[in-house]
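The chain contents come next:
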Amino acid sequence: MQKMFKIVVKISFAATWLGVAAFMAPAAFAAGGEAPDSKVCNDKENPPKDVVTQGGCIVIDRTKGNCNACHQVPGIISGDIATRFESMAQRWPDKAKLRAQIFDASKNNPITVMPPFGKNQILTSDEIDKVVEFILSL
Amino acid sequence: MKKIFILLSILSLAAGVMPTAMADPAADLKKFQDYFKKRFPTVPFDEFSNGMYALPGLESYRDQWMLYNEFPPYELGLSLGKKAWETPFKNGKTFASCFKNGGKNIAQGYPYWDGTTNKVRTAEMDLNDCLKRNGESPYADLDKDLEARVRFAQLVAYFYSMSAGQRLKIDVSSPGAVKAYEDGKKFWWQRRGQLNFACANCHMDLAGKNLGGNQPLSAALGHTTAWPAQRLEWGRLETIHFRYITCNQQIRAKPMKHGSDIYNNLQFYETYMSSGLPLTAPAMRN
């Protein structure tokens with residue numbers, strides 16, 4: 001049993017980027033406004049169909065966006081490194097600019113620590129679009 | 001918005017200590033240590049040897065750490081390391097015969113530049129050399145053989161524990177040493193991996209910040225003083241090179257080999273940057 005536990009720990013560690021072992025408090029299900037429930041994201045039988053939830057799942061997936069390692073995302077334990085994700089639609093009236101920030105943050109700030117999600121192919125183009133839809137819901 | 005500005009100013013502070021073309025370790029050292037003294041003015045210098053637990057805002061982590069220090073989980077590993085150190089070789093000699101002062105109070109000078117082999121030498125290399133010279137087999141295959149690496153980490157931990165409290169003093173006076181230092185320094189500042197991080201991003205720019213809300217980042221000042229160390233997550237003593245490997249993996253960069261010249265030089269650079277701090281190895285870490 002202990003062995004199995006170790007294996008599980010090992011796998012989850014390997015799959016993590018930044019090694020952040022977040023024990024997420026499940027948030028109530030809602031399409032947008034806050035982080036989706038991890039149960040909703042991991043439901044293989046019935047995966048979320050709306051892009052906002054899909055985007056939210058990418059944002060909190062430690063192997064994908066893991067945005068909450070740095071940004072405070074409502075509804076989930078988050079790091080304190082960067083801005084809080086809030087009123088995004090007001091702050092980013094131009095969707096293309098928001099997308100560009102996520103695609104390659106070093107364009108706006110060459111010494112940023114934010115990973116260049118599109119440029120380094122951490123996320124696909126389609127995934128970035130969904131992330132944009134989700135954060136605009138915050 | 002205010003946060004962005006604070007962040008930007010922190011980042012540009014770090015940019016201010018970026019390496020210049022001229023190799024001047026003593027000037028680098030002053031800039032490096034001054035950066036942390038200014039960033040964390042309330043932290044007494046020696047406290048930096050305690051890694052992330054020294055930093056303001058992480059008091060709850062420190063309280064927890066003090067609790068596990070009452071019965072340190074590394075004690076068992078350390079006692080196995082002591083046993084390995086004291087057990088005679090087949091020829092009757094012990095490790096103590098290979099080291100100045102029987103191995104006591106010398107670890108503060110490690111790693112050191114060796115002008116004869118033209119390489120940085122770590123405690124691990126000298127311990128393995130001792131084994132070979134006495135007809136014993138060295139600890140090998142450390143990237144793949146977890147058990148060998150952990151047994152080695154236990155021995156190295158005991159070696160360092162015999163110098164506990166000694167202040168780091170690394171000699172970078174020869175041109176060869178400066179070259180190795182430069183090599184380590186370059187690695188330290190260079191961004192790498194799919195996530196595009198330099199060591200300096202996490203352990204200078206973001207020192208004291210909390211990644212993901214449950215993984216605070218230590219200041220680089222004090223790095224190496226506690227190693228070999230035991231993390232709760234690992235449940236075993238590990239080498240500093242294994243820590244480097246895992247830091248590289250976190251950012252999806254290809255890790256270097258355990259014991260490779262580049263990691264030796266990185267360790268040489270990092271240790272020199274912590275000059276004057278007392279050794280605390282082995283220690284517990286998050």
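Conventions we followed
- Residues numbered from 1 in each chain as written.
- Chains lettered and ligands numbered in written order.
- Predicted model: local features only at pLDDT ≥ 70, side-chain atom pairs only at ≥ 80, totals over all residues.
- Heavy atoms only, no water.
- Salt bridge = Lys/Arg side-chain N within 4 Å of Asp/Glu carboxyl O.
- Helix = DSSP H or I, 4+ residues; strand = E, 2+ residues; numbered from the N terminus.
- Buried < 20%, exposed > 50% of the residue type's maximum accessible area, 1.4 Å probe, protein only.
- Core = buried A, V, L, I, M, F, W, Y, C linked by side-chain atoms within 4.5 Å.
- Contact = heavy atoms within 4.5 Å.
- pLDDT = per-residue confidence, 0-100.
- Disulfide = S-S within 2.5 Å.
- Axes fitted to C-alpha atoms, helices over the stretch in contact; angles between N-to-C directions.
- Nonpolar A, V, L, I, M, F, W, Y, C, P; charged D, E, K, R; others polar.

This part covers the pattern of salt bridges. All names here are of chain B. What the rule picks out here adds up to 20 salt bridges over all chains. One salt bridge in this structure joins Arg167 and Asp46, with 2.8 Å as the shortest N-O distance. Here Arg167, found in the loop between α6 (146-161) and α7 (175-189), pairs with Asp46, found in the loop between α2 (25-39) and α3 (59-68); they are 121 residues apart in sequence, far enough to count as distant. Assessed through its relative accessible area of 42%, Arg167 is described here as partly exposed. When salt bridges with common partners are traced through the structure, they connect Asp28, Glu182 and Lys185 into a single cluster.

Bringing the nonpolar core into the picture now. Nonpolar side chains tend toward joint burial in soluble globular proteins. Among the nonpolar cores identified, the biggest contains 79 residues, and B:Phe36, B:Phe159 and B:Trp188 are the most heavily contacted of them. The leading source of residues in this core is α6(B), at nine residues. Discounting residues that sit within four places of it in the chain, B:Phe159 has contacts with B:Trp85, B:Phe99, B:Gly103, B:Ile106, B:Ala107, B:Tyr110, B:Ala123 and B:Leu127. By size, the runner-up hydrophobic cluster in this structure holds 39 residues, among which are A:Ala69, A:Ala105, A:Ile128 and A:Ile135.

For chain A, mean pLDDT is 84; residues scoring 70 or higher make up 78% of the total. Segment residues 1-15 of chain A: pLDDT under 50, and four contacts once partners within four positions in sequence are set aside and those in other chains are kept.

Moving on, we get to helix α9 (residues 240-250) of chain B. For an α-helix, 3.6 residues make a turn, and residues three or four places apart therefore share a direction. Residue and element names in this part refer to chain B. Most of α9 sits inside the fold, with nine of its eleven residues counted as buried. Turning to α9, its buried residues number three or more, namely Ile240, His241, Phe242, Arg243, Tyr244, Ile245, Thr246, Asn248 and Gln250. Buried residues along α9 sit against α6, α7, β5 (229-231), β6 (237-238) and α10 (261-273). Downstream of α9 by one or two residues, Arg252 has phi in the positive range, about 60 degrees.

According to the stated counting rule, one finds two disulfides over all chains in the structure shown. B:Cys98 shares a disulfide with B:Cys130; S-S distance 2.0 Å. Here the S-S torsion is close to 75 degrees, and the disulfide linking B:Cys98 with B:Cys130 is therefore right-handed. Here the residue B:Cys98 occupies a position in the loop between α4 (75-86) and β1 (112-114), and B:Cys130 occupies one in helix α5 (residues 123-133), the gap between them amounting to 32 residues. The thiol of A:Cys70 is unpaired, and the distance to the nearest cysteine sulfur, on B:Cys202, comes to 8.4 Å. Accessibility expressed as a relative area gives 13% for A:Cys70, which makes it buried.

A few words now on the packing of α2(B) against α7(B). Residue and element names in this part refer to chain B. α7 packs onto α2 with a crossing angle of 35 degrees between their chain directions and a minimal axis gap of 11 Å. Listed contacts from α7 to Pro25, Asp28 and Phe32 of α2 are Val178, Tyr181, Lys185 and Trp188. Considering only residue class, the contact of α2 with α7 consists of five nonpolar, no polar and two charged.

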